[in-house]
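# Residue-level structure breakdown
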Amino acid sequence: MNEVKEHNLKIAPYFFEQQLSGRKSWELRYNDRDYNIGDILYLHEWDKKKGYSKRILKVQVVDMLKDYYLLKDDVVLLTTKILDRTQALFTDW
């Protein structure tokens, strides 16, 4: 069994809102961090012009698709579930 790791990741405001609302329960990412099922992702809302907001969404990787013919070799599709919304409910650019 792999050790659960925590990852801090940038996420654009549109996709942050999609994750927060539950309309999006996945992340398509480069597999440059050796992601595994069970890992925790801290999704930090980030805008190119404004930088980071103070909103963070904590999600867990519950499934992972890699080495699939429609994905590049270095890309994974991570299925996520929200663990904590409390830091996602306010913003302060």
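What comes next is a walk through the structure.

Conventions we followed
Residues numbered from 1 in each chain as written. Predicted model: local features only at pLDDT ≥ 70, side-chain atom pairs only at ≥ 80, totals over all residues. Heavy atoms only, no water. Helix = DSSP H or I, 4+ residues; strand = E, 2+ residues; numbered from the N terminus. Contact = heavy atoms within 4.5 Å. Buried < 20%, exposed > 50% of the residue type's maximum accessible area, 1.4 Å probe, protein only. Pairing = 2+ DSSP bridges.

## With respect to the side chain of Lys 24
- Relative to the helices and strands, Lys 24 resides in the loop between helix H1 (13–21) and strand S2 (26–30).
- Every residue in contact with Lys 24, bar those within four places of it in the chain, is listed here: Ile 11, Phe 15, Gln 18 and Gln 19.

## Observations concerning unusual backbone geometry
- Of note, Asp 34 is a non-glycine position whose phi angle comes to about 55°, a positive value.
- Relative to the elements of secondary structure, Asp 34 occurs in the loop between S2 and strand S3 (40–47).
- Looking at Asp 34, the relative accessible area reads 43%, which means it is partly exposed.
- For Asp 67, which is not glycine, the phi dihedral falls at a positive 55°.
- Structurally, the position occupied by Asp 67 is in the loop between strand S4 (51–65) and strand S5 (75–84).
- The exposure class assigned to Asp 67 is exposed, which follows from its relative accessible area of 69%.

## What to know about the pairing of strand S1 (residues 6–11)
- Covered by surrounding structure in S1 are His 7, Leu 9 and Ile 11 only, the residues Glu 6, Asn 8 and Lys 10 on the alternate face being uncovered.
- As paired strands, S1 and S3 are joined by six bridges and run parallel to one another. Each bridged residue has a counterpart across the sheet, and for Leu 9 the counterpart in S3 is Leu 43.

## Observations regarding H1
- When we look at burial in H1, the residues that qualify are Phe 16, Gln 18, Gln 19 and Leu 20.
- Packing partners of the buried residues in H1 comprise S1, S2, S3, S4 and S5.
- Downstream of H1 by a residue or two, Gly 22 has a phi angle that is positive, lying close to 90°.

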